[in-house]
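Residues per chain, in single letters:
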Amino acid sequence: MTPRVFLRLLRQHALWFILLPVVTAVSVYFFTKNEPKAYKSQATLYTGLASGYSLLTDQKAGFMDQSGVAFENLLTTLNSQETLRQVGVSLLTRHLPLEKPDEKVLSAEGFQELRQEIPENLRLSLVRNANEATLYARIDSLSRVGADNPIKNLLLKSETSYSVWTMAKKLKATRRNSSDMLDMEYESNDPAVAQQTLDAAISVLNKRYSALKTAETNTVVSYYEGQTQELKKKLDEADNKLRAFNVQHKLLNFPSESKNIAASRDLFTEDYNKELMRNRAAKASVDALNKRLSLQGVLITANTELKARQADLADAQNQLASAQAYNQPAAVISRLQTRVDQASDALKTTARTYSAAETSPESIPQRTLLDEWLAKTIDFEESSAKLEVYKTRLKEYEKLTDEYSPLESQLRQLTRDQELAEKEYMAAVQYMNQAVTRRQDITVDGALTILDTPSFPHDAQSKRWLFIALGFGVGLFIAMVLTAIRFWADRSIGSPEQAESVMGRPMTALFPTVRKLSIDSKAGRTALSMLEQLCNAINFEIVKTTAIKPYPPVITLFSVRSKQGKTWLATNLGRIYVEAGQKVAYCYPRAANEPEMVDQNGITFFPYTRRSDLMNVTEVEHLFDSKTKFDASRFDRIILEIPALISSPIPVYLVNQSTLSILVTDVNSIWARAEQKLLEMYLKIATHTTQAVLNRVDTSYIDAPSKTDAQQRPTEPEHSTEVQRSLRSLENQRMLQYGKISQ
């Protein structure tokens with residue numbers, strides 16, 4: 001729909017757009033005469049959900065805005081039925097003890113309504129010997145029982161200010177932009193009730209929201225407390241197993257001990273090898289000296305005292321080596337070293353005593369040899385004693401190694417179990433600490449802060465004018481809907497664009513509704529301009545088809561339906577040609593009691609009788625009977641109007657002989673499938689150009705010429721008749737040359 005069509009619809013249905021909104025607005029005005037007064041109480045809360053500081057603020061690694069979800073949870077809690085029920089219980093707790101109305105608590109109207117809803121005996125039984133907490137508990141208990149009672153019906157089923165349904169409809173809470181502020185409002189017909197309801201709603205919301213958040217953390221804390229206790233038991237069991245293992249195997253630090261054993265074993269092995277080499281060297285020396293002292297060796301060996309001293313020295317050396325190997329105290333080692341020294345000195349003394357008795361000449365060299373033998377013998381005995389100790393100690397280290405090898409895997413398993421149990425326990429403790437901190441955070445900062453307390457509304461808010469405006473808007477909407485329904489249901493042609501769309505042909509001329517064809521009116525100037533344009537189009541087709549169509553040219557006017565304005569168009573078209581000095585014959589279907597032929601204002605009107613064999617008529621003259629003398633050669637233009645196609649057969653031969661056809665359609669006529677099919681059939685018959693004309697078009701679709709331009713129309717020239725006759729003679733000569741007409 002174009003703007004022009006829309007504006008045209010508005011003008012056509014202007015009465016609807018004025019009458020319907022006024023009627024609906026007036027109706028709302030009268031219906032809202034007794035509108036109840038409305039008082040609105042408002043409050044603002046600070047939630048701290050978006051930017052508030054808490055115990056966990058500094059522990060958050062990154063920022064994630066979850067205030068939207070938090071606000072949704074808060075509003076859901078506020079609008080829940082349980083919250084609203086508790087608010088209603090709080091209101092009843094304040095109002096039931098009243099013995100008379102109080103404007104600051106409950107107005108007279110609300111007081112009477114409450115007395116009607118709650119029987120007096122029930123009210124007295126509730127308030128008797130009851131403080132505020134006791135009364136609240138009694139009312140709350142009655143509202144929770146399964147059976148119906150006045151308190152439960154008042155809270156859950158009535159339409160009073162105490163009902164859940166009423167509060168859910170009138171209690172509103174919205175977040176202010178993206179801040180931490182929550183704006184709340186409540187509307188009631190009693191200002192005190194509005195304030196008290198909002199105050200009770202804030203109090204109940206604080207309790208329930210904090211309780212819900214605390215319940216969440218309590219569950220988590222309880223879970224982690226149980227987990228911590230179980231993991232502590234598991235850790236204790238792992239510690240006990242590890243401790244028992246260490247006690248059983250006398251382990252202080254297994255890794256250090258095993259490392260020390262390995263190091264000591266390697267050291268003792270190295271010392272053993274060194275001592276073994278020393279022992280073998282000493283033994284070789286002793287054997288060599290024994291050979292040199294073979295003669296005296298028998299005497300020395302045979303001597304009992306010397307053997308005893310040697311045995312004593314060997315025993316002392318063994319004890320000293322053992323004490324040094326096992327890291328005995330220094331006093332013990334010093335005592336044993338003294339014993340070794342004493343045994344060595346005793347052995348030397350004994351050996352010198354026996355060697356001094358010798359009187360042979362080689363006594364001095366033998367003494368020296370004997371001293372060397374004694375020194376090597378002492379070294380050999382000392383080395384042999386150390387080798388025995390080293391062997392014993394190495395066997396002990398081998399035994400410890402064999403014992404520690406399987407212990408290592410067992411100890412590793414026990415240690416791993418103990419470390420795993422410790423990690424699980426520490427993680428559970430950490431999670432529990434976080435949950436406890438979260439619970440403490442909710443306890444510290446869980447309550448909502450009241451920034452603006454609920455106000456006491458002194459002035460009532462009237463929505464009457466708003467309802468009237470809405471009523472006016474509804475009426476306007478209804479008018480638009482009715483207009484749209486009429487527009488879409490109407491199959492008539494509404495605009496030139498629509499006509500061109502449904503017909504599939506351009507409009508040659510658009511004629512408005514004309515009461516008087518004069519340049520003084522916009523419609524008259526428009527019609528004259530369109531007639532001139534139509535004449536130009538007709539003359540163009542006449543000139544184009546002069547060589548192939550007979551003279552005078554026949555201009556056929558047709559329409560699909562009747563009363564489309566063909567007669568008006570033909571008459572005014574004829575006037576244009578008459579003004580140009582041409583003779584025009586207008587042939588049209590006869591109406592009742594119409595004369596045979598009329599000559600008026602230069603136009604000759606030829607009515608013809610409607611015939612059933614119209615489709616077989618081959619010439620225009622054949623339309624008339626013998627009484628009507630129709631001579632086509634007397635005229636310069638013949639305008640032929642044929643009956644409406646929908647109620648008459650198409651004159652095929654006449655249409656084929658026409659120079660031009662003009663389809664005349666009224667803007668309010670219906671154009672549907674039948675009309676389209678008839679037009680397509682006509683266009684198949686017509687071998688010439690068919691122009692389309694649309695009548696009764698709104699002037700908004702047409703650009704009318706100005707009055708100055710219209711006054712400049714050409715006047716009828718002098719001797720126009722002679723000029724036209726000369727032009728006609730020239731045309732006849734041209735036609736004779738082409739053999740189109742006879743002598």
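Let me begin by describing the structure that accompanies this report. (Residues numbered from 1 in each chain as written. Predicted model: local features only at pLDDT ≥ 70, side-chain atom pairs only at ≥ 80, totals over all residues. Heavy atoms only, no water.)

1. Re the nonpolar core
Core analysis: the largest hydrophobic core is formed by 68 residues, its most contacted members being F630 and I662. Residues within four places of I662 in sequence aside, it is in contact with L534, I538, I555, T556, L557, F558, L569, L573, Q691 and V693. Counting residues in hydrophobic clusters, the runner-up holds 25 residues, among them F71, L171, A173 and L182. (Core = buried A, V, L, I, M, F, W, Y, C linked by side-chain atoms within 4.5 Å. Buried < 20%, exposed > 50% of the residue type's maximum accessible area, 1.4 Å probe, protein only. Contact = heavy atoms within 4.5 Å.)

2. What to know about helix α2 (residues 14-31)
Spanning 18 residues, α2 covers 26 Å between terminal C-alpha atoms, matching the ideal 26 Å at 1.5 Å per step. Taken together, the buried positions of α2 are occupied by F17, P21, T24, A25 and V28. End-on, the buried residues of α2 take up no more than an arc of 95 degrees, which puts them together on one face. In α2, those exposed residues whose orientation departs by more than 90 degrees from the buried face are L15 and I18. (Helix = DSSP H or I, 4+ residues; strand = E, 2+ residues; numbered from the N terminus. Expected span 1.5 Å × (residues − 1). Arc of directions from axis to C-beta.)

3. Overview of the pairing of strand β10 (residues 637-641)
A large share of β10 lies buried, amounting to five of its five residues. Every second residue of β10 is oriented toward a common face, with R637, I639 and E641 on one face and I638 and L640 on the other, all of them buried. Relative to β10, strand β6 (residues 554-558) runs parallel, the two being bridged by four bridges. From the neighbouring strand, T556 faces β10, where its bridge partner is L640. Relative to β10, strand β7 (residues 584-589) runs parallel, the two sharing four bridges. (Pairing = 2+ DSSP bridges.)

4. Re the sheet that holds strand β11 (residues 660-666)
Taken together, eight strands build an open sheet; the order of strands is β5-β12-β11-β6-β10-β7-β9-β8 and the sheet is mixed. Each having just a single partner strand, β5 (509-510) and β8 (598-600) make up the two edges of the open sheet. Of the strand pairs in this sheet, β5 and strand β12 (residues 690-695) are connected by two bridges, and their pairing is parallel. Within β12, the position partnered with L510 by the bridge is L694. Sitting on the sheet, helix α21 (residues 673-685) is in contact with β6, β11 and β12, with an inclination near 165 degrees to β6. (Axes fitted to C-alpha atoms, helices over the stretch in contact; angles between N-to-C directions.)

5. Side note on the side chain of Q564
The topology assignment puts Q564 in the loop between β6 and α19 (566-579). With a relative accessible area of 6%, Q564 lands in the buried category. Looking at Q564, its side chain comes within polar contact range of the main-chain nitrogen of D666, at 2.6 Å. Within the structure, the side chain of Q564 is placed 3.4 Å from the side chain of S669, a separation counted as a polar contact. (Polar contact = N/O pair within 3.5 Å; in protein donor to acceptor, adjacent residues only side chain to side chain.)

6. Overview of helix α17 (residues 496-503)
Quick reminder: α-helices carry 3.6 residues per turn. Residues three or four places apart thus point the same way. When α17 is considered as a whole, its buried residues turn out to be P496, A499 and M503. One face of α17 carries all of its buried residues, which in axial projection span an arc of 60 degrees. On its buried face, α17 is in contact with β5, β11, α21 and β12. Trailing α17 by a residue or two, G504 shows a phi angle of about 75 degrees, which is positive.

7. Side note on the sheet that holds strand β3 (residues 181-188)
Strand order across the open sheet formed by four strands is β2-β3-β1-β4, with antiparallel pairing between neighbours. Every interior strand has two partners, whereas the edge strands, β2 (171-175) and β4 (449-452), have only one. Strand-to-strand twist across the sheet, computed as the mean angle between neighbouring axes with direction ignored, equals 30 degrees. As judged from the five bridges shared by β2 and β3, these two strands associate in the antiparallel manner. Paired with T174 across the bridge in β3 is D183.

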